[in-house]
Amino acid sequence: MSLVRRGNVFDPFSMDLWDPFDNMFRSIVPSSSSSDTAAFANARIDWKETPEVHVFKADLPGVKKEEVKVEVEDGNVLVISGQRSKEKEDKNDRWHRVERSSGQFVRRFRLPEDAKTDQVNAGLENGVLTVTVPKAEGKKPEVKAIEISG
């Protein structure tokens, strides 16, 4: 937990406040001993299910198709991984701020039993990776008509 200290005692907004986002990524992003930017470890991914497919969408701005891998492990685990390369530095460059992260990322999703993992499709367009996993047709319930006596 991290407290943010503000200065003025008479200002109601200057009290010590808990900032839930301060250390949020420190537990998931491994720290690097080098001066490289922190790893691009927590790629944001949405998972939507429709009656026909599971759709995964990942925001990967600046990542090339060759830098991304989509795999199925152990029969039903979708693995999306890749790397965003660090920007080349020139000795004459003078950086004022570095906020975009670089490094490796990996996300794993256990797919449900109805996923057709042999028919997974993936595409990268405008920095958004879309992975589509078709679903097997569900067994339709049998309807048995019962005759009413009387």
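Each remark here, short or long, concerns the structure printed above.
A brief look at the structure comes next. In this numbering scheme, every chain counts its residues from 1 along its sequence in written order. Local features in a predicted model are, by the rule used here, given only for residues with pLDDT of at least 70; side-chain atom pairs are given and counted only at 80 or more, and totals for whole chains, interfaces and linings are based on all residues. Values shown for side chains rest on all heavy atoms present in the structure; no hydrogens or waters enter the calculation.

1. Comments concerning the sheet that holds strand β6 (residues 77-84)
A sheet is described by the order of its strands in space; here three strands give the open sequence β5-β6-β7, paired in antiparallel fashion. Among the strands making up the open sheet, the edge pair consists of β5 (68-73) and β7 (103-110). Taking the axes of each pair of neighbouring strands and ignoring which way they run, one obtains an average angle of 15° across the sheet. Pairing between strands requires that DSSP locate at least two bridges from one strand to the other. Segments assigned H or I by DSSP are reported as helices when at least four residues long, segments assigned E as strands when at least two residues long, and all are numbered from the N terminus. For β6 and β7, the ladder comprises eight bridges, and the chain directions are antiparallel. Looking at the pairing, Gly82 lines up with Phe105 of β7. Simply put, an axis is a line fit to the C-alpha atoms, just over the touching stretch for a helix, and the angle between two N-to-C directions goes from 0 to 180 degrees.

2. Digging into the packing of aromatic side chains
Paired rings are identified among Phe, Tyr and Trp, the last through its six-membered ring, by centres lying within 6.5 Å, and are further divided according to the angle between planes into stacked (under 30 degrees), edge-to-face (over 60) and tilted (the rest). Applying the stated criterion to the full structure yields three aromatic pairs. Relative to Phe109, the ring of Trp47 has its centre 5.9 Å away and its plane inclined at 80°; by these criteria the two rings are edge-to-face. Here Phe109 lies in strand β7 and Trp47 lies in strand β3 (residues 45-49), a separation of 62 residues in the sequence. Think of it in three bands: residues with accessible area under 20% of the maximum for their type are buried, residues over 50% are exposed, and the middle band is partly exposed, with areas taken using a 1.4 Å probe on protein chains only. By relative accessible area, Trp47 is classed as partly exposed at 38%. In this structure Phe109 comes out as buried when scored by relative accessible area, which is 9%. Seen from their ring centres, Phe56 and Phe109 are 5.1 Å apart, and the 50° between their planes marks the pair as tilted. Residue Phe56 is found in strand β4 (residues 53-59), and its partner Phe109 is found in strand β7; the two are separated by 53 residues along the sequence. An aromatic cluster of three or more residues is present, and its members are Trp47, Phe56 and Phe109.

3. Topic: the pairing of β4
The element β4 is extensively covered by neighbouring structure, given that five of its seven residues are classed as buried. Two elements, β3 and β4, share five bridges in a ladder whose sense is antiparallel. Note on β4: the bridge partner recorded for Ile45 is Ala58. Between the antiparallel neighbours β3 and β4 lie three residues. Pairing of β4 with strand β9 (residues 128-134), which is carried by seven bridges, proceeds in the antiparallel orientation. Among the inter-strand pairings, Val55 is bridged to a residue of β9, identified as Thr132.

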